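Inside the fold
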Amino acid sequence: MSNSGKSVGNKILNNEVQQYINANLNTDLHSLLLKKSPFPEVSIQEIVQQIKGKQVAQKKFPFLLKEGIIFPPQLNLEQSSSEKTARYKSEILKGKKFIDLTSGFGIDAYYLSKNFKEITLVEQNSELLEIVEHNWNILGKKATFINQKLEDFLNENKKTFDVIYLDPARRDNNKNKVFLLEDLSPNIIEIQEKLLSISNEVAIKLSPLIDLKYLISVLPSIVRIEIIAVKNDVKEVVAFLPNKNSDGIICNCVNLESGESAFTFNFGEEENAHAEYSEPEKFIYIPNNSILKAGIFNLISEKFQLKKLHPNSHFYTSDEKLNDFPGRIFEMEIVDAKHIKKKSQFNIISKNYPLKPEEIKKKYDLKDGGENYLIFTQSKKGKIILKSV
């Protein structure tokens, strides 16, 4: 760290300041910000930043809850990967030389680099890089830290790497809800050839909102895509661009902390897959959100030999229970709306149905929650309501 970085760190890491931070971990931060700092050399804003960092770390990256760790501003915390997704990605990548060209707070780099001997972190924000270098020293992890713009580094760099990792940032001035690579910094489309000229493999973390067909169309060298969900919440899409030819694009759908097996397929399989259709049978299957993100609706029917209710419902059914399914399984029966008791408690799922869950609760005077489920959807014959048995 630079001298300025060390001085800020030393003030924040003062024993009395740290005791004050730890004593206020559950204090309302808005009210705390209105108070005056009890320490002349540390502002209340700096103190709140550390409290917020520890609060986020408890859920997102608990490995940083160690004495001496310094946390960056909230925006950097929000943009960081979680420890769970970073740990998963670390199982995929290995080699000798690893470089993270957009290191940010360094969570991904910390885990992804575990299978490498030489580690390089590039970050244009000097204060953020100082914090990361300080924290890595505390954690006993070595790396080369480069404070430079990614584009400048690529123009000057003469080295090659086994793996390049990037997490492009959304440009602040673009409010378009559609996620395009052209709207990210760096623009991967413009630098992909340069990246592949200095590395055997490039891994790019992208928003879960990115359209996969679009992604494949603008990055034709993609050979693998990882769709990573945690507890059925899709967190990341990671694209891999190895510098070699490949037979098709492999996609891996994972739902961490669910106990479900990953589902791997080739993107060409969905085009040739055919779904069978049926009215609801004894069991109803709802694929996890990593599967739904992949859009392999016919392939799921074919691979698991399950029948689909409707082309747009994405619910599947069978008479005998299939246990190894990447998603939720319910034993259900068709129910008439007239037989739904008012004030009953249900978890409501509505897909391919005119009413949203809130509207359904209001119409039928239902309470939310409990152990029972109601599914409002459509089969090929029309609208249906399914109740858990």
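Located above this text is the structure these notes cover.
First, a word on scope: everything that follows refers to the structure included in this document.

Here is what the cut-offs are and how they apply
Residues numbered from 1 in each chain as written. Predicted model: local features only at pLDDT ≥ 70, side-chain atom pairs only at ≥ 80, totals over all residues. Heavy atoms only, no water. Pairing = 2+ DSSP bridges. Helix = DSSP H or I, 4+ residues; strand = E, 2+ residues; numbered from the N terminus. Contact = heavy atoms within 4.5 Å. Axes fitted to C-alpha atoms, helices over the stretch in contact; angles between N-to-C directions. Salt bridge = Lys/Arg side-chain N within 4 Å of Asp/Glu carboxyl O. Buried < 20%, exposed > 50% of the residue type's maximum accessible area, 1.4 Å probe, protein only. Expected span 1.5 Å × (residues − 1). Polar contact = N/O pair within 3.5 Å; in protein donor to acceptor, adjacent residues only side chain to side chain.

A sheet is described by the order of its strands in space; here eight strands give the open sequence β12-β14-β15-β13-β16-β19-β18-β17, paired in mixed fashion. Every other strand in the sheet has two partners, leaving β12 (276–277) and β17 (345–350) as the edge strands with one partner each. Of the pairings in the sheet, the one linking strand β13 (residues 283–287) to strand β15 (residues 316–318) comprises three bridges and is antiparallel in character. Each residue of the ladder has a partner; that of Ile284, found in β15, is Thr317. Along the sheet face, helix α15 (residues 357–364) touches β17, β18 (367–379) and β19 (382–388) and points at about 135 degrees away from the line of β17.

All right, on to the pattern of salt bridges then. Across all of its chains, the model carries 16 salt bridges by this definition. For Lys343, the salt bridge identified is with Asp365, shortest N-O distance 3.2 Å. Placement of Lys343 in the loop between β16 (327–334) and β17 and of Asp365 in the loop between α15 and β18 is noted, with a sequence separation of 22 residues between them. Judged by relative accessible area, Lys343 falls into the exposed class, the value being 52%. It is possible to trace a salt-bridge network through shared partners that takes in Lys89, Asp108, Asp167, Lys205 and Glu236.

A few words on helix α6 (residues 83–90). The buried fraction of α6 amounts to six of the eight residues, a majority that puts the element mostly inside the structure. Glu83, Thr85, Ala86, Tyr88, Lys89 and Ser90 are the residues of α6 that are buried.

Time to look at helix α8 (residues 126–139). A rise of 1.5 Å per residue sets the reference length of α8, with its 14 residues, at 20 Å; its end C-alpha atoms lie 20 Å apart and thus fit the reference within 8%. If you check which residues of α8 are buried, you get Leu128, Leu129, Glu130, Ile131, Val132, His134, Asn135, Trp136 and Leu139. Sitting at the amino-terminal end of α8 is Asn125, which places a side-chain oxygen 3.2 Å from the backbone nitrogen of Glu127. Looking one or two residues beyond α8, the residue adopting positive phi is Gly140, at roughly 75 degrees.

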